[in-house]
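Take a look at the letters that make up each chain.
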Amino acid sequence: MNRIKDNFNRIWQDFYLVIIMVFLYAPIATMMVLSFNSSKSRTQWGGFTLQWYTQMFASRNIMDALYNTLMIAFLSALIATVIGTAASIAINSMKAVPRTILMGITNIPMLNADIVTGISLMLAFIAFGISLGFQTVLIAHITFNIPYVILSVMPKLKQTSRYTYEAAMDLGASPIYAFFHVVFPDILPGVLSGFLLAFTMSLDDFIITHFTRGAGINTLSTLIYSEVRRGIKPSMYALSTVIFVVVLLLLLISNFAPRRKQADQT
Amino acid sequence: MKKRFFALTMTTVTAVSLLAGCGGKAPAGDSAQSGTESASDSGELYVYNWGEYIDEDVITQFEDETGIKVIYDLFETNEEMYPVIEAGAVNYDVVCPSDYMIQKMRENDMLAEINFDNVPNISQIDPKYMEMSKAFDPDNQYSVPYCWGTVGILYNTKRLEELGVDAPTSWEDLWDERLSGEILMQDSVRDAFMVALKKDGYSMNTANETELAQAKQDLIDQKPLVQAYVVDQVRDKMIGGEAAVGVIYSGEMLYIQEEVQNLGLDYNLEYVLPKEGTNLWVDSWVIPKNAKNKENAEKWIDFMCRPEIAKANFEYITYPTPNKGAFDLLDADMQGNKSVFPDDADLAGSEVFTYLGDDVDSIYNNLWKEVKSN
Amino acid sequence: MSKKMLSGPYLLWMIGFIIIPLALIVYYGLTDKNNVFTLANVLSIATAEHSKALWLSLGLSFASTLICLVLAYPLAMILRNRQMGQGSFIVFIFILPMWMNFLLRTLAWQTLLEKSGVINGILTALHLPTQSLINTPGAIVLGMVYNFLPFMVLPIYNTLCKIDDNTINAARDLGANFTQTLLWVWFPLSVPGVISGITMVFVPALTTFVISNLLGGSKILLIGNVIEQEFTKGSNWHLGSGLSLVLMVFILLSMALIAKYDKNGEGSAF
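The numbers attached to residues start from 1 for each chain and follow its sequence in the written order. Here the convention is simple: chains get letters from A, ligands get numbers from 1, in the order in which they are written. It should be noted that, the model being predicted, local features are given only for residues of pLDDT at least 70 and side-chain atom pairs only at 80 or more, the latter also being counted only at that level, while totals for whole chains, interfaces and linings use all residues. Derived side-chain values reflect all non-hydrogen atoms in the structure, with water molecules and hydrogen atoms excluded from consideration.

Help me out: how do you make sense of the overall build of chain B in this one?
Summing up its helical and strand segments, chain B has 16 helices and ten strands in all. Note on classification: 1.4 Å probe, protein chains only; a residue is buried when its accessible area is under 20% of the maximum for its type, exposed when over 50%, partly exposed between these limits. Expressed as a percentage of the 374 residues in chain B, the buried residues total 62%. Should any heavy atoms of two residues lie within 4.5 Å, those residues are considered in contact. Sequence separation of at least 24 residues holds for 75% of the intrachain contacts in chain B that already meet a minimum separation of 6. Note on areas: Shrake-Rupley with a 1.4 Å probe; residue coverage comes only from the protein chains shown. Summed over all atoms, the accessible surface of chain B reaches about 13,600 Å², with 46% contributed by carbon and sulfur. Labels follow the DSSP assignment, with helices taken as runs of H or I lasting at least four residues and strands as runs of E lasting at least two, numbered in each case from the N terminus.

So what exactly am I meant to see when it comes to unusual backbone geometry here?
Peptide bonds are, in most cases, trans, and in most cases residues other than glycine have a negative phi. Residue and element names in this part refer to chain C. The residue N35 is not glycine, and still its phi comes out positive at about 60 degrees. Following the sequence through the fold, N35 ends up in the loop between α2 (8–29) and α3 (40–43). The backbone phi angle of S218 is positive, close to 60 degrees, even though this residue is not glycine. When you line up the elements, S218 lands in the loop between α12 (210–216) and α13 (223–232).

How should the packing of helix α6 (residues 134–159) of chain A against α2(C) be read in this particular structure?
Two packed helices can be described by the angle between their axes and the distance between those axes. To define axes, lines are fitted to C-alpha atoms, for helices over the stretch in contact only, and angles between the resulting N-to-C directions are given on a 0 to 180 degree scale. Where α6(A) contacts α2(C), the axes come no closer than 10 Å and their chain directions differ by 130 degrees. Between α6(A) and α2(C), the crossing angle belongs to the class labelled oblique. For the pair α6(A) and α2(C), the crossing hand works out as left-handed. Across from A:I139, A:I142, A:T143, A:I146, A:P147 and A:I150 in α6(A), the residues of α2(C) making contact are C:Y10, C:W13, C:M14, C:F17 and C:I18. Within the contact of α6(A) with α2(C), the residues separate by chemical class into ten nonpolar, one polar and no charged. Roughly parallel covers angles under 35 degrees, roughly antiparallel covers those over 145, roughly perpendicular covers 65 to 115, and oblique covers all other angles. Left-handed describes a crossing in which the near helix is turned anticlockwise from the far one by less than a right angle; the clockwise case is right-handed. By the convention adopted, Pro, Cys, Tyr, Trp, Phe, Met, Ile, Leu, Val and Ala count as nonpolar, Lys, Arg, Asp and Glu as charged, and the other residues, Gly among them, as polar.

Looking at this structure, how should I read the domain arrangement of chain C?
Many authors give the size of an interface as the accessible area that is lost as the parts come together. Residue and element names in this part refer to chain C. Split by domain assignment, chain C resolves into domain 1 (1–30) and domain 2 (42–261). Boundaries of every domain are those given by an automatic assignment or by a domain database. Taking only C-alpha atoms into account, the centre of domain 1 sits 31 Å from that of domain 2. Two parts placed together each lose some accessible area; with a 1.4 Å probe, that loss summed over both constitutes the buried area. Both sides together, the interface formed by domain 1 and domain 2 hides about 580 Å², and carbon and sulfur atoms give 78% of it. Of all residues in domain 1, I25, Y28 and G29 bury the most surface against domain 2, accounting for 76% of the area lost on that side. Throughout this description, the term salt bridge denotes a Lys or Arg side-chain nitrogen within 4 Å of a carboxyl oxygen of Asp or Glu. Linking domain 1 with domain 2 are zero salt bridges, by the criterion used here. Polar contacts, as counted here, are pairs of nitrogen or oxygen atoms within 3.5 Å of one another; within protein the pair requires one atom able to donate a hydrogen and one able to accept it, and residues that are adjacent in sequence qualify only if both atoms are side-chain atoms. Viewed at the interface, domain 2 and domain 1 are joined by one residue pair in polar contact (both at pLDDT 80 or more). Per-class residue counts for the side of domain 1 that touches domain 2 are five nonpolar, one polar and no charged.

Would you explain the pattern of salt bridges in this entry?
Working definition: two side chains of opposite charge can pair if their charged atoms are close together. Evaluated as defined, the whole model comprises 35 salt bridges over all chains. For the salt bridge of A:R42 with B:E242, the shortest nitrogen-to-oxygen distance reads 3.8 Å. Linking A:R42 in the loop between α1 (2–34) and α2 (51–58) with B:E242 in the loop between α10 (233–239) and β8 (245–249), this pair reaches from one chain into another. Take A:R42 and B:E242: they sit in the same class, and that class is buried. Through salt bridges with shared partners, a single ionic network connects A:E227, A:K233, B:E52, B:R235, B:D236 and B:E252.

Got a minute to help me understand the nonpolar core in this structure?
Each nonpolar core is a collection of buried residues, namely Ala, Val, Leu, Ile, Met, Phe, Trp, Tyr and Cys, held together in the definition by side-chain atoms within 4.5 Å. Residues A:I115, B:L174, B:M185, B:F193, B:W300 and B:I301 are the most contacted members of the largest nonpolar core, which totals 281 residues. Each residue touching B:I301, except ones within four places of it in the same chain, is listed here: B:V94, B:I114, B:V119, B:V144, B:W285 and B:I287. Counting residues in hydrophobic clusters, the runner-up holds 15 residues, among them B:L184, B:V234, B:I248 and B:I256.

Just to check I follow, could you spell out the interface of chain A and chain C for this structure?
The partner chain C presents 77 residues to the 80 residues of chain A that form the contact. Looking only at chain A, the three residues that lose the most surface to chain C are A:F23, A:R42 and A:L123, adding up to 9% of its buried area. Of the charged contacts, one joins A:R42 and C:E114 as a salt bridge, the two residues approaching to 2.6 Å between their closest N and O atoms. One can count 13 residue pairs in polar contact (both at pLDDT 80 or more) joining chain A with chain C. In terms of residue count, the dominant contributor to the side of chain A that touches chain C is α1(A) (15 residues). Along the lines of polarity and charge, the residues of the side of chain A that touches chain C split into 60 nonpolar, 15 polar and five charged.

In this structure, what is going on with the domain arrangement of chain B? I would like to understand it.
Residue and element names in this part refer to chain B. Domain boundaries in chain B define domain 1 (28–143 + 286–341) and domain 2 (149–279 + 348–373). Placing the centre of domain 1 and that of domain 2 at their C-alpha centroids yields a distance of 27 Å. In this assembly, 19 residues from domain 1 lie in contact with 21 residues from domain 2. At the boundary of domain 1 with domain 2, total buried surface from both sides reaches about 1,800 Å², with 61% on carbon and sulfur atoms. Considering only the side of domain 1, the residues that lose the most area to domain 2 are Y100, T318 and Y319, jointly responsible for 28% of the buried surface there. Where domain 1 packs against domain 2, one counts two salt bridges. A salt bridge links K104 to D361; its shortest N-O distance comes to 3.0 Å. Put simply, domain 1 and domain 2 have five residue pairs in polar contact (both at pLDDT 80 or more) between them. Listed by contribution, the elements that provide at least two residues to the side of domain 1 that touches domain 2 are α5 (99–107) and α13 (307–317).

What is the right way to read the side chain of A:T136 from this model?
Turning to its location among the elements, A:T136 is positioned in helix α6. With near-sequence residues (within four places) excluded, A:T136 lies in contact with A:F125, A:I130, A:S131 and A:T212.

Hey, could you run me through helix α10 (residues 178–189) of chain C in this one?
One turn of an α-helix holds 3.6 residues; hence residues three or four places apart share an orientation. Residues and elements named next belong to chain C. In a helix, the anticipated span is given by 1.5 Å times the number of residues less one. Look at α10: 15 Å from first C-alpha to last across twelve residues, which is about the 16 Å you get at 1.5 Å a residue. Taken residue by residue, α10 has T181, V185 and W186 as its buried positions. Looking straight down α10, one finds that the buried residues subtend no more than 85 degrees of arc, so they occupy a single side. For α10, exposure combined with an orientation more than 90 degrees from the buried face picks out T179 and W184. On its buried face, α10 sits against α4 (48–81), α8 (137–161) and α9 (165–173). Between the side-chain oxygen at the start of α10 and the backbone nitrogen of T179 there is a gap of 3.2 Å, and the oxygen is on N177. Directions are taken from the helix axis to each C-beta atom, and the arc is the one they span.

In this structure, what is going on with the packing of aromatic side chains? I would like to understand it.
Each pair of aromatic rings is reported with the distance of its centres and the angle of its planes. Residues and elements named next belong to chain A. Note on aromatic contacts: the rings of Phe and Tyr and the six-membered ring of Trp form a pair at centre separations within 6.5 Å, being stacked when their planes are under 30 degrees apart, edge-to-face when over 60 apart, and tilted otherwise. Here the structure, examined in full by the defined rule, presents 42 aromatic pairs over all chains. Look at W12 and Y16: their rings are 5.9 Å apart centre to centre, the planes differ by 10 degrees, and that puts the pair in the stacked class. Of this pair, W12 and Y16 both sit in helix α1, four residues apart, which is roughly one turn of that helix. By relative accessible area, Y16 is classed as buried at 13%.

I tried to follow the packing of helix α4 (residues 96–111) of chain A against α2(C) on my own but got confused; where do I start?
Contact geometry for α4(A) and α2(C): axes closest at 11 Å, N-to-C directions at 55 degrees. Classified by the angle between their axes, α4(A) and α2(C) sit oblique to one another. Taken as a pair, α4(A) and α2(C) cross one another with a handedness that is left-handed. Residues A:L102, A:I105, A:T106, A:I108 and A:P109 of α4(A) lie in contact with α2(C), whose contacting residues are C:Y10, C:L11, C:M14, C:I18, C:I19 and C:L22.

How do you make sense of the side chain of B:E298 when you look at a structure like this?
All names here are of chain B. By secondary structure assignment, the location of E298 is in helix α12 (residues 294–305). Since its relative accessible area comes to 1%, E298 is described here as buried. Apart from residues no more than four positions distant in its own chain, E298 is found in contact with E113, I114, N115, N118, V119 and I287.

For this particular structure, what's the right way to read a nonpolar patch on the surface?
On the surface, a cluster of nonpolar side chains totalling about 370 Å² of accessible area is made up of A:F128, C:L11, C:I15, C:I19 and C:I20. Ranked by residue count, the leading element in the nonpolar patch is α2(C), at four residues. Residue position: A:F128 is located in helix α5 (residues 114–128). To count toward a patch, a residue needs a relative accessible area above 30% and no salt bridge. Like charges then connect within 9 Å, nonpolar side chains (Val, Leu, Ile, Met, Phe, Trp, Tyr) within 5 Å.

Sorry, what's going on with the confidence of the model for chain B here?
Detailed conclusions should not be drawn from predicted coordinates in areas where pLDDT is low. All names here are of chain B. In predicted models, pLDDT denotes the confidence assigned by the predictor to each residue on a 0 to 100 scale. Per-residue confidence for chain B averages 87 on the pLDDT scale, and 89% of its residues sit at or above 70. Model confidence for chain B, summarised as mean pLDDT per element, is weakest for helix α2 (residues 10–25) at 32 and strongest for helix α9 (residues 209–222) at 97. Low pLDDT, under 50, characterises residues 1–41; the stretch is placed with 120 contacts to residues that sit more than four places away or in other chains.

Listed below in C-alpha cells is the structure:
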C-alpha cells in the first residue's frame, strides 16, 4: 500500500520538476532554435543557417562590448580584491563597535536596490566632475564588488589564529613577511572566491552600468538593452546561444570535474 | 538585493571565472575603447546621434581621411539627449537634435557658434532648409541641417482588410475602436501630443491648458487601443506584422518597402500623411558649448555636407536629405518619390515644433505621465 | 596599528562612492531647483500618477513574489528530499538559467509572447485564436517570476537542507501526518529562507524598470520607470531623487525583516 503511494508521490514529484524545467528552459531553447533559422520570422522555419553567428562575430559593436565587459569585470574584480582583502584584515583586528559600523556600510550596496545605487553614483560622478565613461563604470563596479570580497575573506580570517602570525613576528619576521608567509596562504581560498564572485557580479550587472556609462562605452548588457529597444535581431539570438553554451560548459567543468575540495569554505 | 543571492551559489562561481580566459580569446579586435578622459588634443571626436542614423562606412571614411578617432554614441529621443548634454557628464563635440530641442539648447546657452569658414560645404545645403531652420536658429549660426522629414501613419494593407477598416487618412483614424491592440504610438511626449492636438485641430505648439487637457484625455481614451508605445521599434514591428497601423517617421519608408520585398511578405506597408497636417521636422548638427574638439566637430559637419557623403547616408538611412548636391546625384525615380520628398502642397497644415519654455515643458511631461500611468 | 591603516583605502572608497552618493540623493530629494529645502519631491508620491505607479508596482511585485513562493517551496522540498548535495546535477539544472544574462532572459520572453511571436505562431498552427499576451500586467508578472524564481528556490532549499532528517522522522513517529509535519516542522524551520527569498524577489521586482519596458510596451508605468525617466528624460533629478527616497523606505523595511528573521544569515551562504 505504502509503496504504491510512494510511487505515486514520486511520479507526481517528477512531473512537477519537469514542468518547472520546461518553464525555465523553453524560452532559452526557443532562442537557440531561432538562432539557426535563416528566416527572420519567428514562426516560420526558413532553413538552417549560421549567418547570424557570422554577423555577430563580425559586428564591431558586439565585439567592443564583449571586450569592455571582460575588461571591466577583470579590473574591477582585481582592484576590489586588493582593497577588500586589506580592509578585511583591518576590520578583523578592530573592536566590536567600529567593526559593526564598517560591516554595516559594507552591506549597503548589497542590500540597496540597483536603481538607487546607480543613480546615486551618477549624481556623485557629476558632482565630482568625473566625465562619464569607462572609468566611471569601472569605479561603480569596484564599489559594488568590494563587499563580496570582504564577505568571502572575513570567514577565512576568523578561522586563522592570530598566534601563528605573532609567533612568526616573535621569531623575527617583519609584519609584511609574516603576513605573506603565514596569514595569506590561509585566506587565499577566500580571496580567490571573492575575486570570482566579484568578476561574476560585474559581468551580470545592467542597471548600475546603465546609469554610469558614458560616450561610446557599452557592455554586453547595455548593448543588448539598446538593441532590443530598436527591434530584435537574430544576431541577438546567436549571442544568447553562445553565452548559454559557454556558461553551461564552464559550470559543468567546474562542478563535476574532479577538483580539489573547496566545500565548506563559506 | 539580487546580489545577495549570488552568495548562495558560491560553489558554481568558480566556473564563471573561466569565462575570462575563453571570452578573451574572442576576436576583440584592435578597436579597444579609449575610455580615458576626453583628451584636450584634437585627435578625437565625440559624436552623439540618433540610432541607425548614419552609414557606418562614412564614419570609417572620415577617420581614415582626417586621422581623427570618432567615439560614436546613440540616443533614442531628444528628451533623453538633453540631460546628458546639460549635465556635461560627457563632453560631446557634435550632436544631432531636432528643431525644438536645438531652440531649447540655444536659449539655455548650451550651443557654440559654428565657424562657417571651416564648413565650406554649407553651400550644398538647399537654401530652403536654411530658411526653415530660422524657426529655431534665427541667424543660422548654430545648426547645419542633416535630415528632414514628416511624421505619418504606416499601415498594413492586408491586416486592415482583415479587420474591415479603410486605409487611414487622418489622425482621427487612430481612435477607431476596431483597431484595438493594433496601434503603435510614438513613445516621446511631443510626438504623442502632436497626434492628439492635430486631431483636435489645434497647433502642436500650443500652451493652452484646455487644449492640452483635451489632448491628454484623448490620449487616455486611445490607450486601450494602443498595443505599445515605441520609438525605433515601430519599424521592425510593422515589418514583422505585429500591428496594423503605426505612427512613424517618413524616412523609414524606403527601408521598409525594400525589406517587405526582400522578405517576400504577403502584405504591403503604405505610408500616409494625415490630412490635418503633421510634424515637419529637421534634425541638424550642432556643437555644444562644452565641446572639447570644436574644430574636429566642424570638420565632421563639413564632411557630412559633402554631396557624395550625404548621398551615401541617404541611401543607407533613407531619410530625406536637405543636401541639394546629394539630391542632384539621385536618379530621377527617387527624386520623384513623393513619400520621401513630399510636395509642398502635401505639407499644408504641417508645423515645425518650437520650444515652449521650461514651464510648458513640465506641463507636457506631467500630462504625459498621467497618460502613461492611467 | 598598521593593520588598521589597511582599512584606509577601503574607508576612503566607501565614503566617496557609497556615503556621499547616498547623501546626494537625500540632498537632491529634499531640495528644489533653486536648492531650497522642500518636501514636495517626496510628497509628490501622493499625486495620482505617482501613487498609481507605486500601487501597481507593489501589486505586481506582490503577485510575483507570491507565485514564486508557491512554485519554489514544493520544488525546494522535492530537491531536498531527493537527498542530493548542492553540487548535484539536478540542483544545478535549476540554477543554470540564472547565469544567463538577465536581459537575454527577458528578450526570450518577448520573442515568445509577441503578437507574431512563437506562442501565437503555435496557436495559429493549431487553428486557435491568437492571444494578446505581451504588453499586459500578466506579461510583466511572468517576466518577474521567470527572472527571480531562482532567488526564491535557493534560500529555501538551503534552509531545508539544514533540517535534520531525525526531526522529520520524530514528527512522523509521533503520528503527525504530512500536512501537520509541513505546517509545524518544515515551515517554521525554513522561515529564514522564506523571508530571505521573499525580500530577494520583492525588492528587485518592486524597483525594476527593465522588465516593464521590454514586456510592457511602455504602456505600463511602474515606479522604477518613473524614476528612471525623471533621470534620463524628464531631467528633474530632484523629483527622481525624492521618489528614490520613498523607494528606499521599502528597502529598509525588507532589510529590517531580514535582520529579524534571518539573524544568522542562514538564508544565504554567509
